Every structure is written in C-alpha cells, then in structure tokens.
Amino acid sequence: MTDNSDFPEAINAAGVAATFANEHYGDHERNTFDIWLADSNEPTPLVMYIHGGGFVGGDKSRYYGSEDWVRLLDAGISIACINYRYMTEPPYGILGSMNDSKRCLQYIRTNAEKYNLDKNRIACSGGSAGAGTSLWLAFSDDMSDAGSDDPVLRESTTILCAAAFSTQSTYDILRWPKLIGIPPYKNAEELLSIAHVFGFQSAEGVDLFAQNEIRTDLDFLEKMTKNAPPFYVFNHYAGGIPTNEDELHHHPLHAKALKDRAEEVGAEAIIYAPAIGISDTSGKDVVEFFIEKLL
C-alpha cells in the first residue's frame, strides 16, 4: 500500500489545507484525491486536475503550488486533484489510467452533496498525460452505465469544459507520424512502446495497426465534434523536428492538430502555441476561461 506520509501535505499556494485529503474513489491504492472547497452556501463548480507523468509517474501534489488555484477558489470555484493507477499496472495500458480518472469524476458527482458541488458544472484540466485525459473525457460520449450495480458508474462522465497544457492530440499514437511530420513507426523499440500504451505487454505477434477498437477508444481527436464542450490549450514547447521523446510527446503541432479539428467540426476552442504562431484574439488565460464557462 502507498504510505501517504511519503507525499507532501495537501496545502495550496495560499497556505490553505485541503478540505478533504486523500479521499478514496476506488479500490486501487492510487485511487485518491484531495479537494479544496470554495467558501459558499450554494453548490459550487469544480475543476478536477489530473497530473502528468507519461502514465508511468507523477502525483497529485504536482499542482499544490498552483497560483491558478488561489484565483479560482477566490472566484468561488472548488478544486480537486487526483491520482490514478499507472499504465504499467493491471489492466495495463493507458485506458486503465484514464478509466480511473473517469471513475473519480463519477465518484465526485455521486458525492456532490458531501462536497457542496454543482455536479452539472465540472471541468477537467491537467498537463501532458493529464491534459490528454481531460480532452478524452471532454470529447467522449457519456460513458455512464445506467444498468451498473455500482452507483458511481451510473453517474455521467460529461464535463462542461476542459483545459490542457502541453497535451498530446490523440492517444492513437500511430497517427502521430502524419500529424507531427516524423517517419512512420517501424523499429522494435517504438512498436513496443506503442504496444504498452495500447495495453499489450509485448509487440511480438501483435498487429498494432489492426487494433481498431483500442485505437478508436484512444483517439480523442477523432471523437471531437461540434457538440464538444469548450476547451483551452496552451503549449509552450518549441517547434521544429523533435529530437527526443519529450519534444515529440509535447510538440506544438499537437495543439495545431486540435485547432484544425476544432475548426473542421465547429467546436469552441482557445488555443495558444506561440512557437508556431498560434494565438487567440481573446487573450484569455485559463483562469478567465474557467470563470467564464463555470460561473
């Protein structure tokens, strides 16, 4: 089991402790979250933060020092930050990690009265893996299961808006060569990495290109439609040919792909990728975006 004493105390940048710390939303040891509740007699909106780390690392404490949180809480918007299992654990692959985030969203909705939340005004945000998960939740159809014996899974998974920092454009990674302008994946190391993302322990004997159900589930870029909730993207990385995994995973052309798709389907988006000349005439930052959409 995880020893929570190994992690920083849940105190935000204003020195305020979480209203509830290490709340459990599932059976896995990493199924925990912290929540800071805005001071209000009426149910408040919520932004749920999902940490990055390539689905193999990271922790909810990543955001404790966020100045954005202080501004959001002052505006009357509550904050949650969550942990989730890594993709290296059963059921393996990033769908397991993202389904944990989905369950946390549903758990918070199930307990909206306890947390004094308006379950119809919830947003998701994060960086890198947390950013992609936020967009996956935003663009997916409602994944609630009305017939489930688990009341948590009967809750809606739709969100009102999302914000993504240094996000990927899709987790159907086989699309990245065309989107980013790199050579097609061919070598064994690259294919093994993609196999792990898809949930396979080995690429041997697996035709990754034929995994249509998995690829469809992971392709949140394709899931985006005109009915997608408004979303905000910021990418601070340099352009050019990626020289390492970090630059590939966070390339600003991922932001461009999301912008192009939003324009194609008519979705509402604010997207910044300064290195490749993408900006927004509104000039809004993410806090202003959340305040506009949630209040």
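For the structure given in this document, a descriptive report is provided here. (Residues numbered from 1 in each chain as written. Predicted model: local features only at pLDDT ≥ 70, side-chain atom pairs only at ≥ 80, totals over all residues. Heavy atoms only, no water.)

Structural notes on the environment of Ala275
Mapped onto the secondary structure, Ala275 falls in the loop between strand 8 (269–272) and helix 10 (286–294). Taking C-alpha positions, Ala275 is 5.3 Å from Ala238, a pair spaced 37 residues apart along the chain. Ignoring sequence-local partners within four residues, the contact set of Ala275 consists of Tyr237, Ala238 and Gly239. (Helix = DSSP H or I, 4+ residues; strand = E, 2+ residues; numbered from the N terminus. Contact = heavy atoms within 4.5 Å.)

Here's the deal with the sheet that holds strand 2 (residues 32–36)
Two orientations exist for strands paired in a sheet by backbone hydrogen bonds: parallel and antiparallel. Pairing in this open sheet of eight strands is mixed, and the strands run 1-2-4-3-5-6-7-8 from one edge to the other. The sheet is open, and its two edges are formed by strand 1 (20–24) and strand 8, each paired on a single side. Taken over all neighbouring pairs, the strand axes of this sheet differ in orientation by 20 degrees on average, direction set aside. Bridging between strand 3 (residues 44–50) and strand 4 (residues 78–82) involves five bridges; their strand directions are parallel. In the sheet register, Ile50 faces strand 4, and the bridge partner there is Ile82. Along the sheet, helix 2 (residues 94–110) contacts strand 1, strand 2, strand 3, strand 4 and strand 5 (117–127); its crossing angle with strand 3, the most-contacted strand, is approximately 160 degrees. Those strands touched by helix 10 are strand 3, strand 5, strand 6 (161–165), strand 7 (231–234) and strand 8, and its axis lies near 170 degrees from that of strand 6. (Pairing = 2+ DSSP bridges. Axes fitted to C-alpha atoms, helices over the stretch in contact; angles between N-to-C directions.)

A closer look at the nonpolar core
What tends to happen in soluble globular proteins is that the nonpolar side chains get buried as a cluster. By size, the foremost hydrophobic cluster in this structure holds 62 residues, and its most contacted members are Phe33, Met48, Phe139, Met224, Phe231 and Leu258. Looking at this core element by element, the count peaks at seven residues for helix 3 (residues 129–139). Setting aside chain neighbours within four positions, we find Phe231 in contact with Leu135, Phe139, Ala162, Met224, Leu258, Ala262, Ala267, Glu268, Ala269, Ile270, Ile271 and Phe289. Among the nonpolar cores identified, the runner-up in size contains 25 residues, and Tyr63, Tyr64, Trp69 and Ile270 belong to it. (Core = buried A, V, L, I, M, F, W, Y, C linked by side-chain atoms within 4.5 Å. Buried < 20%, exposed > 50% of the residue type's maximum accessible area, 1.4 Å probe, protein only.)

With respect to the packing of aromatic side chains
To describe a pair of aromatic rings, one takes the distance between the centres and the angle between the planes. Under the definition given, this model contains 17 aromatic pairs. A ring pair is formed by Phe139 and Phe231, whose centres lie 5.1 Å apart and whose planes are at 75 degrees; its orientation type is edge-to-face. With a gap of 92 residues between them, Phe139 in helix 3 and Phe231 in strand 7 connect regions that are remote in the sequence. Taking the relative accessible area as the measure of exposure, Phe231 reaches 0% and is therefore buried. (Phe/Tyr/Trp six-rings, centres within 6.5 Å; stacked < 30°, edge-to-face > 60°.)

Examining the pairing of strand 3
By the criterion of burial, strand 3 is predominantly enclosed, with seven of the seven residues buried. In this view, the connection linking strand 3 to its parallel neighbour strand 4 by way of helix 1 (residues 67–75) has right-handed handedness. (Right-handed = clockwise from strand over helix to strand, strands pointing away.)

Here's the deal with the pattern of salt bridges
A complete count under the given rule lists 16 salt bridges for this structure. Note that Glu263 and Lys259 form a salt bridge whose closest N and O atoms lie 2.5 Å from each other. With Glu263 and Lys259 both in helix 9 (residues 252–265) and four residues apart, this pair spans about one turn of that helix. Judged by its relative accessible area of 54%, Glu263 is exposed. One salt-bridge network, in which partners are shared between bridges, spans Glu268, Lys284, Glu292 and Lys293. (Salt bridge = Lys/Arg side-chain N within 4 Å of Asp/Glu carboxyl O.)

What about the environment of Ile276?
Counting through the fold element by element, Ile276 comes out in the loop between strand 8 and helix 10. Through-space distance from the C-alpha of Ile276 to that of Ala255 is 9.7 Å; in sequence the pair is 21 residues apart. When near neighbours in sequence (up to four residues on either side) are disregarded, Ile276 contacts Gly239, Pro252, Leu253 and Lys256.

So, unusual backbone geometry
In the segment running from Pro90 into Pro91, the intervening peptide bond is cis, with an omega of 10 degrees. One non-glycine residue, Asn22, adopts positive backbone phi at about 55 degrees. Along the polypeptide, Asn22 turns up in strand 1. Residue classification places Asn22 among the partly exposed positions, given a relative accessible area of 23%.

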